[in-house]
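Spelled out, the chains give:
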Amino acid sequence: MSEVDSSCIFCKIIAGEIPSKRIYEDDHHIAFLDIFPAGRGHSLVIPKDHHVDIHSMAAEVYGGIATAAKKVADLLQSRLQSEGTTIFQMNREAGWQTVFHAHMHVIPRWSNDGLHKPWDIAPADSADLDALHTLLTE
Ligand code: 5GP
Ligand code: ZN
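Because the structure is predicted, anything quoted here is derived from the model rather than measured. (Residues numbered from 1 in each chain as written. Chains lettered and ligands numbered in written order. Predicted model: local features only at pLDDT ≥ 70, side-chain atom pairs only at ≥ 80, totals over all residues. Heavy atoms only, no water.)

A. How the structure looks around the pairing of strand 1 (residues 22–25). Two elements, strand 1 and strand 2 (residues 29–33), share three bridges in a ladder whose sense is antiparallel. Pairing of Arg22 across the sheet is with Phe32, part of strand 2. A loop of three residues connects strand 1 with strand 2, the two strands running antiparallel in sequence. (Pairing = 2+ DSSP bridges. Helix = DSSP H or I, 4+ residues; strand = E, 2+ residues; numbered from the N terminus.)

This is how it looks when you write it as structure tokens:
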């Protein structure tokens, strides 16, 4: 029996109540084309069970999503002849998540596709890095 949130749009997509362009399915996951794509072939990989985000699921569940995303990445790469792949996965409002059913974005990339990283690159302060390293490993 799947865990479902009846108010969740991705649960509705899984149930077929909202149409989607599915490109992959296995026992525990589906993948479909994003309707507001960052680029050609932008797809979303989701678990069939309703899990809100990375922090609310077992590591094995996350691993299953990542495995499905790898298969979807290979499918997109081989069919679209993309030159690269970007995968990202947002969690919670502060992490830019907007649909609260966990998902991985798989985005085929081309060197001239015009996408850019959403942050400015600047060197870290070395004292900050030291303090962080201590905090995370103590
Ligand atoms: P997030 O911002 O939560 O990481 O990503 C949510 C994604 O879901 C967005 O890229 C958005 O375009 C996509 N999305 C939202 N609603 C729908 C829908 O009804 N169908 C499809 N295929 N994608 C959706
Ligand atoms: Zn859901």
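B. View of the site of ligand 1. Taken together, 16 residues form the shell around ligand 1, and within it Leu33, Asp34, Thr98, His103 and His105 come nearest. Within the backbone of Trp96, an N or O atom sits 3.4 Å from an oxygen atom of ligand 1. Between ligand 1 and Val99, the relevant distance is 2.9 Å, taken from an oxygen atom to a main-chain nitrogen or oxygen of the residue. Of all the secondary-structure elements, those providing two or more residues to the shell around ligand 1 are helix 1 (9–15) and strand 2. (Near = heavy atom within 4 Å. Polar contact = N/O pair within 3.5 Å; in protein donor to acceptor, adjacent residues only side chain to side chain.)

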